[in-house]
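Structural overview for review
The primary structure of each chain is shown beneath.
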Amino acid sequence: MIDEILRADLDAPRKQRHTVTRIFHRLVEEHGADVSYGMVRYYIAARKPEILVEWGKAPLEAFVPQTHQPGHEAEVDFGDVTIRLAGELVTCYLFSFRLSYSGKAVHRVFASCGQEAFFEGHVHALRTLSGVPRTKVRYDNLKAAVARVLGLSRARVEADRWIAFKSHYGIESFYCRPGIEGAHEKGGVEGQIGYFRRNHFVPVPEVSSLAELNEMVEQWDWQDDTRRIGSRSRTIAEGFVIERPLLMPLPEEPFETGRLFTPRVDRYSQIPVRTNRYSVPIRLIGKRVRVILHASHLVVYDQNVEVARHERLIAKGAVRLELDHYLEVLVRKPGAFPGSTALEQARSAGKFTPVHDAWWTQAMKIHGERDGTRALIEVLLLGRHMTHEHVVAGLTAALRAGAMTADAVALEARKAAQAETEAAPDARTPGQAPATVTSLHEWRLAHLPPDTRPLPAATLSTEVDGYTVTVKGDLAAGTAAELTVSVTKNGKPVTGLQPYLDTYAHLTAFHEGDQAFAHLHPEIKVNGDRGSPELSFRAELPDPVNCSSSSRPAANSTPPH
């Protein structure tokens, strides 16, 4: 009955042909059919094209085999894949660049399918293939390349940066028709993405980073080179051996694939990039910075100097903060440290370890919550010129010894770094002479005649750049002593001392024998940028009987320098 209605519609006026709803109502009302609307709709969708072909009212769908010349053509596309990234299920995008002759394909996974990923995928693929196809590279109408489709023709208005990228590499783009018809024009890469996804992303891969996943993708590409496509006589690798020498050479100069932004730093020391926000050092608040956005990361510059680098966020409306960017303000506001978002993210990333927490807890018990937190922040500042592993080792040793000061952590961290250097394995083969690398400065010092002069006499006053610094007071082992430091210039007191790290001065005393030291701050609290010319310090040096001279300044310490 339905077939008869569809055949009758072939000669009926175009605007008076049966719809699916009309056919369903006629079946129920005129023939008492016990069918559902869905059954009728599914049947008509499958049967109507067949009737049109049978009666010559529609062209028969057919595909024409194609022959591709080696080194001439390629196809490019993106496909979405789901992965478990750092324990969270996320959707990423698989870039595929496939040579038409050999079937050699290069893949890369990105957090987005934007223009940065589109360019970086090309750069990686062309570098892996060691050349560029000589004629057509087929694309669909993705936004990274096409700004506007012009009617039903193949003419396109291309994106400006894509035009520059094509010109740099000598790529000749060919755009397929929109929709499912266009997918058949680059069926090789469409099928390749499906094959790669079914064979390598099932089950869902679990990785800690996209870099780890892309290392796996490179291995999968290498494994797939040994397979044959369909009934071809050669493997992919054998076909690529023929095709590789026929590709055009790569340009000598690289192309900057990143996208430039110039955001202004807000009062939270953050910058907006696309839909997310990233932290920068607080000294840049209110300034404009340059951001180069790549597919997997972004780099922030201030006057051509790199000031921050972040892994690119996948989710929209997210924030990524670096704890180190906020340390200067946290020294002045230690009460904001425990609940800071930057601290929470540092814990999640493993940069703020349980050792940090244990040392912090003990420091607060001894020095109080405010000063203990400030001591921890001073420890975190050590990370700017020491490795994270050495600082953690210093924290562990200081915690074991009960030394809850940043100076003790710094000393132990340096010991850990020195021990690691001394314990480095000797990579020489047996019988090979040791290779040494000496800096020019060290070589010159080694060839100087020995200095037999006695050490300069200790002094309580010194002059630097026109400023005279004088220390008054006596140091005694085992007892507290009051020291006063005065600063003058041209005989006049200096009253404009500015604070650094929440204090007007830093006084360090070194032990003459083993270079142990004590670090002191003045008792006066910071109040503006007009520090007094006379600063009072309270110094208490340990008794040499009760401590080791290798780790603390002894009673015969020289005056501070």
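The structure we're discussing is the one just above.
Residues numbered from 1 in each chain as written. Predicted model: local features only at pLDDT ≥ 70, side-chain atom pairs only at ≥ 80, totals over all residues. Heavy atoms only, no water.

**Focus on the pairing of strand 5 (residues 146-149)**
As defined by bridge partners, strand 5 adjoins strand 6 (residues 156-158) across 3 bridges and the pair is classed as antiparallel. When the bridges of strand 6 are listed, Val149 appears paired with Arg156. Counting the residues between successive antiparallel strands, the hairpin from strand 5 to strand 6 contains 6 residues, one of them, Gly151, with a positive phi of roughly 60°. (Pairing = 2+ DSSP bridges. Helix = DSSP H or I, 4+ residues; strand = E, 2+ residues; numbered from the N terminus.)

**As for the packing of helix 14 (residues 388-401) against helix 15 (residues 406-422)**
One way to put it is that helix 14 packs onto helix 15 with a least axis distance of 7 Å and a crossing angle of 120°. As judged from the angle between their axes, helix 14 and helix 15 are oblique. Crossing geometry of helix 14 relative to helix 15 is assigned as right-handed. Residue-level inspection shows His390, Val391, Ala393, Gly394, Leu395, Ala397 and Ala398 of helix 14 in contact with helix 15, the latter providing Val409, Glu412, Ala413, Ala416, Ala417 and Glu420. Looking at side-chain class alone, the contact of helix 14 with helix 15 contains 9 nonpolar, 2 polar and 2 charged residues. (Axes fitted to C-alpha atoms, helices over the stretch in contact; angles between N-to-C directions. Parallel < 35°, antiparallel > 145°, perpendicular 65-115°, else oblique. Left-handed = near helix turned anticlockwise from the far one by under 90°. Contact = heavy atoms within 4.5 Å. Nonpolar A, V, L, I, M, F, W, Y, C, P; charged D, E, K, R; others polar.)

**Here's the deal with a positive patch on the surface**
A contiguous patch of positive charge on the surface is contributed by Arg14, Lys15, Arg17, Lys48 and Lys57. Checked against the element boundaries, Lys48 lands in helix 3 (residues 37-54). Overall, Lys48 belongs to the partly exposed group, its relative accessible area being 42%. (Patch = residues over 30% accessible without salt bridge, like charges linked within 9 Å, V, L, I, M, F, W, Y side chains within 5 Å. Areas by Shrake-Rupley, 256 points an atom, 1.4 Å probe, with all protein chains shown as cover. Salt bridge = Lys/Arg side-chain N within 4 Å of Asp/Glu carboxyl O. Lys, Arg positive; Asp, Glu negative; His and termini not counted. Charge placed at Lys NZ, Arg CZ, Asp CG, Glu CD. Buried < 20%, exposed > 50% of the residue type's maximum accessible area, 1.4 Å probe, protein only.)

**What to know about the packing of helix 1 (residues 2-9) against helix 2 (residues 20-31)**
Axis separation between helix 1 and helix 2 bottoms out at 11 Å; the angle between their running directions is 135°. Considered as vectors, helix 1 and helix 2 are oriented oblique to each other. Where helix 1 crosses over helix 2, the handedness of that crossing is right-handed. For the pair formed by helix 1 and helix 2, the contact residues are Ile2, Ile5 and Leu6 on the first element and Ile23, Arg26 and Leu27 on the second. In the contact of helix 1 with helix 2, the residues fall into 5 nonpolar, no polar and 1 charged.

**Here we look at the pattern of salt bridges**
Counted according to the given criterion, the structure contains 23 salt bridges. Because the salt bridges share partners, they merge into one network encompassing Asp3, Arg47, Glu50 and Glu54.

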